[in-house]
Amino acid sequence: MPIITQLIAGAAGGNAASAVLKQGAFSVVARTIVGAIGGLGGGFLIQMLGGEAAATGLAMQALGSLVGGGVLSGIVGQFLGKQA
């Protein structure tokens, strides 16, 4: 169940970050995929830092995934924006 939460929260964070940064060279599908990947990474990082306490907290997983998805999407969007 945490993986699904990480994917959904990461995708939401990726799309939100791209919308705030107004990244036009970055399609919605790409934002969602990159955000989901970042969400997995963010959730994994929370598990590594928090140990068992973070692994059981669904809200903490979602928050870490939301931030991870937003950060990765922002980085990739900035890179693609400079290439275009």
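Scroll up a little and you will see the structure.
Computed from a prediction, not measured in an experiment: that's the story for all the values here.

A. Seen up close, the side chain of S18. By the secondary structure assignment, S18 is in helix α1 (residues 2-21). Those residues within four positions of S18 in sequence are excluded, and the remaining contacts are Q23, F26, R31 and S73.

B. Spatial organisation of the side chain of T5. Mapping T5 onto the fold places it in helix α1. In this structure T5 comes out as buried when scored by relative accessible area, which is 17%. Filtering out sequence-adjacent residues up to four positions away, T5 remains in contact with L58 and A62.

C. Representation of helix α2 (residues 28-50). Over its 23 residues, α2 runs 32 Å from end to end, which matches the ideal 33 Å to within 8%, given 1.5 Å per residue. When α2 is considered as a whole, its buried residues turn out to be R31, V34, G35, A36, G38, G39, G42, G43 and I46.

D. The arrangement of a nonpolar patch on the surface in detail. A cluster of nonpolar side chains, contributed by M60, L63, L66, V67, V71 and I75, occupies part of the molecular surface with about 530 Å² of accessible area. With respect to the element layout, L66 can be found in helix α4 (residues 58-83). Accessibility expressed as a relative area gives 38% for L66, which makes it partly exposed.

E. Local environment of the packing of α1 against α2. It is the contact of α1 with α2, at a shortest axis distance of 6 Å, that shows an interaxial angle of 125°. One way to sum up the angle between α1 and α2 is to call them oblique. Crossing angle aside, the handedness with which α1 passes α2 is right-handed. Between α1 and α2, the residues in contact are I3, Q6, L7, G10, A11, G14, N15, S18 and A19 and V28, R31, T32, G35, A36, G39, L40, G43, F44 and Q47, respectively. Broken down by class, the residue content of the contact of α1 with α2 amounts to eight nonpolar, 10 polar and one charged.

F. Just the environment of A11, in detail. Relative to the assigned elements, A11 resides in helix α1. Judged by relative accessible area, A11 falls into the buried class, the value being 13%. Taking C-alpha positions, A11 is 9.0 Å from S73, a pair spaced 62 residues apart along the chain. For A11, the contacting residues outside a window of four places in its chain are T32, G35 and A36.

G. Focus on the environment of A59. Here A59 lies in helix α4. The class of A59 is exposed, set by a relative accessible area of 64%. In the structure, A59 is positioned 57 residues away from P2 in sequence and 9.9 Å away in space, judged by C-alpha atoms.

Thresholds, definitions, all that
Residues numbered from 1 in each chain as written. Predicted model: local features only at pLDDT ≥ 70, side-chain atom pairs only at ≥ 80, totals over all residues. Heavy atoms only, no water. Helix = DSSP H or I, 4+ residues; strand = E, 2+ residues; numbered from the N terminus. Contact = heavy atoms within 4.5 Å. Buried < 20%, exposed > 50% of the residue type's maximum accessible area, 1.4 Å probe, protein only. Expected span 1.5 Å × (residues − 1). Patch = residues over 30% accessible without salt bridge, like charges linked within 9 Å, V, L, I, M, F, W, Y side chains within 5 Å. Areas by Shrake-Rupley, 256 points an atom, 1.4 Å probe, with all protein chains shown as cover. Salt bridge = Lys/Arg side-chain N within 4 Å of Asp/Glu carboxyl O. Axes fitted to C-alpha atoms, helices over the stretch in contact; angles between N-to-C directions. Parallel < 35°, antiparallel > 145°, perpendicular 65-115°, else oblique. Left-handed = near helix turned anticlockwise from the far one by under 90°. Nonpolar A, V, L, I, M, F, W, Y, C, P; charged D, E, K, R; others polar.

Don't take any of this as a statement about function, it's just geometry.
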